[in-house]
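Take a look at the letters that make up each chain.
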Amino acid sequence: MEYFTILNENTHQFPLVIDLPHSGTLVPPHIRSRMLDTACLSNTDWFLPELYDFLPAMGCTTIVNHLSRYVVDVNRPTGGAKDGDYRNTVVYQQNTQGSPLYAIPLEEKEINERITQYYQPYHQALENLLRAKLQVFPSVLLLDLHSFFINFANGGNQDIYLSNRCGATSSEQTLQALHNGFETQGYTVLDNAILGGHSIHHYRKLFQERFEGILVELRYTKYIEDRYFVEEEITTRNEALFKEAKRRLQTIFTQLPFLNG
């Protein structure tokens, strides 16, 4: 069983790696059987591989996680809390709305086994992709692509949230290029209202100035359906809205300087 897919692994057309860490829905049967019947695996980055499929089609190196973030969250540090808020926990015991997933709390042994079996192989693969780019280019950009429906505490109701951790993981120039690109297609954009997850921070520390990382969050209402979302698992989408979002995103990305060097 493949837990992630790499597209264009040996293609070095661009100094860019696309990361889709939260779009997976796969839950291995032995983990699903432990969950409550009422467990809702909400707040997944639904349909993002399909939405952004033009990027690997262009030749961009892309890693797509097939595992649900509720198996293990590959965008969290392994040294974080073993239980508690999803923003800090590598293996969730509640969903992102705080509803319980298990009748009996997971033991640390099982959490560590998930890290070994699922988390570490993903990050080894991602690190290898970045290292391969740095054999060809002087620097590499990681775009960490996500979606959301809950307003962020420091945000508001913007369509797009970008983060380079307040300048810690990329240059202002690179962030501004993305910001301007989204605005040209009519999206409202806010920078650094959220810090972003583990990956852009971790690989900046590892590769220093040769690495840039930016997190991109896209609101559900801009590509799934224009409605109010609650604690739910999403199986359908408005195809006209989805198609229009893909068109706008493709226009943005194909005009970015790091895809036209």
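Residues numbered from 1 in each chain as written. Predicted model: local features only at pLDDT ≥ 70, side-chain atom pairs only at ≥ 80, totals over all residues. Heavy atoms only, no water.

Asker: When you look at the overall build of the protein chain in this model, what are you seeing that I'm missing?
Answerer: Looking only at helices and strands, one finds 7 helices and 7 strands in the protein chain. In the protein chain, the succession of α and β elements from N to C terminus is β-β-α-α-α-β-α-β-β-α-β-α-β-α. For 261 residues, the compact-globule estimate of 2.2 N^0.38 gives 18 Å, and the C-alpha radius of gyration of the protein chain, at 18 Å, lies within 12% of that figure. Projected onto its principal axes, the C-alpha positions of the protein chain cover 55 × 40 × 35 Å. Relative to its 261 residues, the protein chain shows a buried fraction of 52%. Accessible area of the protein chain: about 11,600 Å², with a carbon and sulfur share of 49%. Once the 22 positive and 30 negative side-chain charges of the protein chain are each reduced to a mean point, those two points are 2 Å apart. (Helix = DSSP H or I, 4+ residues; strand = E, 2+ residues; numbered from the N terminus. Rg over C-alpha atoms; globule rule 2.2 N^0.38 Å. Buried < 20%, exposed > 50% of the residue type's maximum accessible area, 1.4 Å probe, protein only. Areas by Shrake-Rupley, 256 points an atom, 1.4 Å probe, with all protein chains shown as cover. Lys, Arg positive; Asp, Glu negative; His and termini not counted. Charge placed at Lys NZ, Arg CZ, Asp CG, Glu CD.)

Asker: I tried to follow unusual backbone geometry on my own but got confused; where do I start?
Answerer: Most peptide bonds are trans, and most residues other than glycine sit at a negative phi. The backbone phi angle of Asn-8 is positive, close to 60°, even though this residue is not glycine. Note on placement: Asn-8 falls in the loop between strand E1 (4-7) and strand E2 (16-20). Phi at Asn-192 is positive, roughly 60°, even though this residue is not glycine. One can find Asn-192 in the loop between strand E6 (189-191) and helix H6 (198-207).

Asker: How should I be thinking about the side chain of His-146 in this particular structure?
Answerer: Looking at where His-146 falls in the secondary structure, it is placed in strand E4 (residues 140-148). Within the structure, His-146 has its side chain in polar contact with the side chain of His-22 (distance 3.3 Å). Residues within four places of His-146 in sequence aside, it is in contact with Pro-21, His-22, Asp-45, Leu-48, Asn-75, Leu-215, Val-216, Glu-217 and Leu-218. (Polar contact = N/O pair within 3.5 Å; in protein donor to acceptor, adjacent residues only side chain to side chain. Contact = heavy atoms within 4.5 Å.)

Asker: Which parts of the structure should I look at to understand the layout of surface pockets?
Answerer: In this approach the atoms are scanned with a rolling probe the size of a water molecule, which exposes any empty space left behind. When its volume is computed, the largest pocket comes out at roughly 700 Å³. Looking at the lining of the largest pocket, the elements that each hand over two or more residues are E4, H6 and strand E7 (211-219). A per-element tally of the lining of the largest pocket places E4 first, with 3 residues. Space inside the second largest pocket adds up to approximately 170 Å³. If you trace the second largest pocket, you find 13 residues lining it, with Ser-23, Gly-24, Pro-49, Val-64 and His-66 closest to the centre. For the lining of the second largest pocket, the secondary structure elements donating two or more residues are E1, helix H2 (48-51) and strand E3 (61-65). At 3 residues, H2 tops the list of elements feeding residues into the lining of the second largest pocket. Looking at side-chain class alone, the lining of the second largest pocket contains 6 nonpolar, 6 polar and 1 charged residues. (1 Å grid on protein atoms, 1.4 Å probe; cavity = no way out; pocket = protein on both sides within 12 Å on 5 of 7 lines; lining within 4 Å. Points joined across faces, edges and corners; volume = space filled by probe spheres on them. Nonpolar A, V, L, I, M, F, W, Y, C, P; charged D, E, K, R; others polar.)

Asker: Mind showing me how you'd approach the sheet that holds E2 here?
Answerer: The strands making up a sheet are joined through hydrogen bonds of the backbone, oriented either antiparallel or parallel. The strand order across the open sheet formed by 7 strands is E1-E3-E2-E4-E7-E5-E6, and the pairing between neighbours is mixed. Strands at the two margins of the open sheet, each flanked by one partner only, are E1 and E6. Adjacent strand axes in the sheet meet at a mean angle of 20° when their direction is disregarded. Pairing between E1 and E3: 4 bridges, direction antiparallel. Each bridged residue has a counterpart across the sheet, and for Thr-5 the counterpart in E3 is Val-64. Along the sheet face, H6 touches E2, E4, strand E5 (160-163) and E7 and points at about 175° away from the line of E7. (Pairing = 2+ DSSP bridges. Axes fitted to C-alpha atoms, helices over the stretch in contact; angles between N-to-C directions.)

Asker: Even after reading the chapter, I still don't get the environment of His-198, so can you show me in this structure?
Answerer: Structurally, His-198 can be placed in helix H6. Residues in contact with His-198, not counting those within four places in the same chain, are Val-74, Asn-75, Arg-76, Pro-77, Tyr-119 and His-123.

Asker: What should I look at first to understand the packing of helix H4 (residues 108-134) against H6 in this one?
Answerer: H6 packs onto H4 with a crossing angle of 50° between their chain directions and a minimal axis gap of 12 Å. The pairing of H4 with H6 is recorded here as oblique in orientation. Once H4 is placed against H6, the crossing between them reads as right-handed. Together, Tyr-119, His-123, Leu-126, Glu-127, Leu-130, Arg-131 and Leu-134 of H4 and His-198, Ser-199, Tyr-203, Leu-206 and Phe-207 of H6 make up the contact between the two elements. Counted by class, the contact of H4 with H6 contains 7 nonpolar, 3 polar and 2 charged residues. (Parallel < 35°, antiparallel > 145°, perpendicular 65-115°, else oblique. Left-handed = near helix turned anticlockwise from the far one by under 90°.)

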